[in-house]
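This is what each chain is made of:
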Amino acid sequence: MKASRMLISTLKEAPNEAQIPSHILLLRAGMIRKLVAGVYNYLPLGLKVLNKIENIIREEMDRSGALEILSSAVQPKELWEESGRWYKYGPELMRFKDRHDREFCLGPTHEEIFTDLAKNLVKSYKTLPVNLYQIQTKYRDELRPRFGLMRGREFIMKDSYSFDLDEAGLEESYKIMYDTYKRIFDRLGINYKIVLADTGAIGGNGSHQFMALSEVGESNIVYCDDCHYAADEEKAIAVAEIAEDEALLELASVDTPKQKTIEEVSSFLNISPKKVVKAVCYRETTNNETVIVLVRGDREVNEIKVINALNTAEAFFRMATDEEIIEIGCIPGFIGPVGINAKILMDQEVALMKNMVTGANAKDKHLVNVNVGRDFNATVIDCRNAVAGDRCPVCGKEMKVERGIEVGQIFKLQTKYSSAMDCTYINQDGKNVPMVMGCYGIGVTRTMSSIIEQYHDEFGIKWPMNIAPYHAVIVPINYNDVEQSKLANNIYSQLLGTKVEVILDDRDAKPGFKFKDWELIGIPYMIICGRRSVEGIVELKNRMTNEKVEVTFEEAVKVVKEAVNNI
Ligand code: ATP
Ligand code: MG
């Protein structure tokens, strides 16, 4: 391809809203352009990369025995009513009506569609197991679309759904996908960790997330180097810290004027935050119930764990308003469990505390020497976030925390959708039984961003060979110089028609300008034809290492060809 024909759209500066490297570089390298918030056009170079990522995913999915299909982004409300998600999904679901007032949504995921398909296509046990997948565009009206392709409102996902005879079959299908995902992310060159993930209402250890390690990740991975326990923060558990044993003291009320936060109260009373209880009020909106959640003062509430304990969904769960807090007899800023007739959940560590400090449910007052059992009772759950330094639940060693980007998730759905949507088959005994399902997602466009997060420097992107938009670019320092342009064209014609995807920079521009473009775009090899073109000598630059060597043009051609053959 000749650079003059490529509509190269590199930018000196990225718009201010781009904050993280991948977002900045995707825009600056002319890979994508924003249409509206969270929605992007993929330009020629960006699309080439995207297609290569998709093909690696496709090859590995095909190799696993999964079958590719393509379904529509448009999904009818009826199927979402069958699964019960039309009301549960909340405002992220993009809904619309047709001219006949029939309701639809743009699919954020496709469980309903695939379950309905399997219900129609599979009749007997003989056709199971089956795993169907697609690479397709999803829509989610994210509250905060940001970071470019990381969190879009429109994005591309590889989603697949397995249908099995029974639990044992699901285990096998799940294992196959687990291994397939490892192969995919290995081939994509991603540095990742596999972690246990939250499974919400379904429960069990039925989900894993694939996390690309990165500072800009939105997930915290809690892990143990010693025994390899690793879990998403939403799910991670840790050994509860046992509070010091001490004699129970008499309950008393103390004045704490204007002291509301844990920091204010602990420094006012000159005690450790570990002696204070953090009380947070939530509202569960299906039962219209206000719930008090207690964690130790230095801890954070893990809302996902609370949601699971209440057996509800995120869409039906929020912070309680001041009015709702007052309604159950509490005072915002001075909330406490003593004397309150409401649902109270306390973290395991609170259950172990002695002589704690809580809000007194009276303005400017706290209670000291509060004790569980004597002064209040509550349901004990694990509802705190695990943090670095906490003890591993498997081996007891200190755990670490690292940030990660969720690039994929696999999930044992069991019969959640098949039971709700009557997706059954006739088994060997002639009985109608629900298929046992798994679902498996990869954020394809998010993966593209994640690769850039792991492969870039101050000059631009450093694409690994197997996903680079082109493998090599030939850059004559001065295209108007006869010798240089002759050698450049000679190399170009030697590489055209081979497996090497090559660019000839035939633009009439300053060399520095051209070099900057290719470094920004991240082409793995640059073959520079300069002063020694007459002798057939070129400079070969490797973008991954930024090393430059002078070699004969034949040698440069050989190196590039070999690198492509080794993909
Ligand atoms: P998140 O927690 O980041 O919102 P999710 O768990 O809701 O993601 P899944 O339903 O598991 O997402 O979707 C499968 C994959 O699709 C995710 O692992 C992620 O890589 C990708 N993905 C999800 N939401 C987005 C988005 N808004 N933009 C880009 N990719 C996304
Ligand atoms: Mg997920």
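Up top is the structure these notes are about.
All values derive from a computational prediction rather than experimental measurement.

Chemist: I'd like to hear about the overall build of the protein, residue by residue, with values.
Modeler: A count of helices and strands for the protein gives 15 helices and 31 strands. Summarising its shape, the C-alpha atoms of the protein cover approximately 95 × 70 × 50 Å along the three principal directions. Scored against the burial criterion, the 567 residues of the protein give a buried share of 52%. Accessible area for the protein stands at about 25,700 Å²; split by element, carbon and sulfur atoms hold 50% of it. Treating the 71 positive side-chain charges of the protein as one cloud and the 83 negative ones as another, the clouds have centres 4 Å apart.

Chemist: Tell me about the coordination of the magnesium ion (ligand 2), and name the residues and values.
Modeler: Those protein atoms acting as donors to the magnesium ion (ligand 2) are Glu 406 (OE) and Gln 409 (OE1), and they sit at 2.0 to 2.2 Å. By relative accessible area, Glu 406 is classed as partly exposed at 25%.

Chemist: Lay out the packing of aromatic side chains with the relevant residues and their values.
Modeler: Inspection of every chain in the model, using the stated rule, returns 11 aromatic pairs. Seen from their ring centres, Phe 185 and Tyr 192 are 5.9 Å apart, and the 55° between their planes marks the pair as tilted. As far as burial versus exposure is concerned, Phe 185 and Tyr 192 are alike and both buried. An aromatic cluster of three or more residues is present, and its members are Tyr 178, Tyr 181, Phe 185, Tyr 192 and Phe 210. When the ring centre of Tyr 223 is taken as reference, the NZ or CZ atom of Lys 193 above it lies at 4.0 Å.

Chemist: Explain the sheet that holds strand E5 (residues 94-97) to me, using residue names and the numbers behind them.
Modeler: Overall, antiparallel pairing links the 3 strands, which are arranged E4-E6-E5 in an open sheet. Each end of this open sheet is capped by a strand with a single partner; those strands are strand E4 (74-76) and E5. Going from strand to strand, the sheet's axes swing by 35° on average, the running direction of each strand aside. Bridging between E5 and strand E6 (residues 103-106) involves 4 bridges; their strand directions are antiparallel. Pairing of Arg 95 across the sheet is with Cys 105, part of E6.

Chemist: Break down the side chain of Asp 198 for me, citing the residues and quoting the values.
Modeler: In this fold, Asp 198 is placed in the loop between strand E9 (192-196) and strand E10 (207-213). It is Lys 235 that comes nearest to the buried, bridge-free Asp 198 among opposite-charge side chains, at 5.9 Å. A polar contact of 2.7 Å, which involves the side chain of Asp 198, links it to the side chain of Asn 308. When residues no more than four places from it in sequence are discounted, the contact partners of Asp 198 are Ser 207, Glu 234, Lys 235, Ile 304, Asn 308, Gln 409 and Phe 411.

Chemist: A description of empty space enclosed by the protein should follow, citing residues and the corresponding values.
Modeler: Empty space among the atoms can be located by rolling a probe the size of a water molecule over them. For the coordinates displayed, the defined rule picks out 2 cavities of 30 Å³ or more. Listing elements by their share of the lining of the largest cavity, those giving two or more residues are helix H14 (511-521) and strand E30 (537-542). Of the residues contributing to the lining of the largest cavity, the split by class is 5 nonpolar, 1 polar and 3 charged. The computed volume of the second largest cavity comes to approximately 30 Å³. Together, Met 6, Leu 7, Ile 8, Ser 9, Gly 30, Leu 43, Pro 44 and Leu 45 line the second largest cavity. The residue makeup of the lining of the second largest cavity, split by class, is 6 nonpolar, 2 polar and no charged.

Chemist: Explain the nonpolar core to me, using residue names and the numbers behind them.
Modeler: Where a protein is soluble and globular, its nonpolar side chains tend to be buried together. Formed by 64 residues in total, the largest nonpolar core has its most connected members in Met 31, Ile 53, Phe 185, Leu 188, Trp 463 and Trp 518. Sequence-distant contacts of Met 31, defined by excluding residues within four places in its chain, comprise Leu 26, Asn 41, Tyr 42, Leu 43, Leu 45, Gly 46, Val 49, Ile 461, Trp 463, Pro 469 and Ile 521. Counting residues in each nonpolar core, the second largest holds 23 residues, with Ile 474, Val 500, Val 538 and Val 564 among its members.

Chemist: Explain helix H13 (residues 482-495) to me, using residue names and the numbers behind them.
Modeler: Its 14 residues place the ends of H13 20 Å apart at the C-alpha level, agreeing with the 20 Å of an ideal helix rising 1.5 Å per residue. Buried within H13 are the following residues: Gln 484, Ser 485, Leu 487, Ala 488, Ile 491, Tyr 492 and Leu 495. The arc that holds every buried residue of H13, seen down its axis, measures 165°, which confines them to one face. In H13, the exposed residues that point more than 90 degrees away from the buried face are Val 482 and Lys 486. Residues of H13 that are buried in the fold lie against strand E27 (472-476), strand E28 (502-504), strand E29 (525-529), E30 and helix H15 (553-565). Just downstream of H13 lies Gly 497, where phi reads positive at about 85°.

Chemist: Give a description of the packing of helix H2 (residues 44-63) against helix H6 (residues 167-187) that names residues and reports values.
Modeler: Packing of H2 against H6 brings their axes to within 10 Å, and their N-to-C directions diverge by 150°. Taken together, the axes of H2 and H6 are roughly antiparallel relative to one another. For the crossing formed where H2 meets H6, the hand is right-handed. Across the interface between the two elements, Ile 56, Ile 57, Glu 59, Glu 60, Met 61 and Arg 63 from H2 touch Met 177, Thr 180, Arg 183, Ile 184 and Arg 187 from H6. The residue makeup of the contact of H2 with H6, split by class, is 5 nonpolar, 1 polar and 5 charged.

Chemist: Describe in detail the sheet that holds E28, supporting the description with residues and values.
Modeler: The mixed open sheet is built from 5 strands, whose spatial order is E28-E27-E29-E30-E31. The open sheet has two edge strands, E28 and strand E31 (547-552), and neither has a second partner. Between one strand axis and the next, the sheet turns through 20° on average, direction left out of account. The sheet contact formed by E27 and E29 spans 5 bridges and is parallel. Residue pairing in the sheet places Ala 472 in a bridge with Tyr 525 of E29. Those strands touched by H14 are E27, E28, E29 and E30, and its axis lies near 170° from that of E27.

Each value, and the rule that gives it
Residues numbered from 1 in each chain as written. Chains lettered and ligands numbered in written order. Predicted model: local features only at pLDDT ≥ 70, side-chain atom pairs only at ≥ 80, totals over all residues. Heavy atoms only, no water. Helix = DSSP H or I, 4+ residues; strand = E, 2+ residues; numbered from the N terminus. Buried < 20%, exposed > 50% of the residue type's maximum accessible area, 1.4 Å probe, protein only. Areas by Shrake-Rupley, 256 points an atom, 1.4 Å probe, with all protein chains shown as cover. Lys, Arg positive; Asp, Glu negative; His and termini not counted. Charge placed at Lys NZ, Arg CZ, Asp CG, Glu CD. Donors = N, O, S within 2.8 Å, 3.2 Å for Na, K, Ca; no water. Phe/Tyr/Trp six-rings, centres within 6.5 Å; stacked < 30°, edge-to-face > 60°. Lys NZ or Arg CZ within 6 Å of the ring centre and 35° of its normal. Pairing = 2+ DSSP bridges. Axes fitted to C-alpha atoms, helices over the stretch in contact; angles between N-to-C directions. Salt bridge = Lys/Arg side-chain N within 4 Å of Asp/Glu carboxyl O. Polar contact = N/O pair within 3.5 Å; in protein donor to acceptor, adjacent residues only side chain to side chain. Contact = heavy atoms within 4.5 Å. 1 Å grid on protein atoms, 1.4 Å probe; cavity = no way out; pocket = protein on both sides within 12 Å on 5 of 7 lines; lining within 4 Å. Points joined across faces, edges and corners; volume = space filled by probe spheres on them. Nonpolar A, V, L, I, M, F, W, Y, C, P; charged D, E, K, R; others polar. Core = buried A, V, L, I, M, F, W, Y, C linked by side-chain atoms within 4.5 Å. Expected span 1.5 Å × (residues − 1). Arc of directions from axis to C-beta. Parallel < 35°, antiparallel > 145°, perpendicular 65-115°, else oblique. Left-handed = near helix turned anticlockwise from the far one by under 90°.

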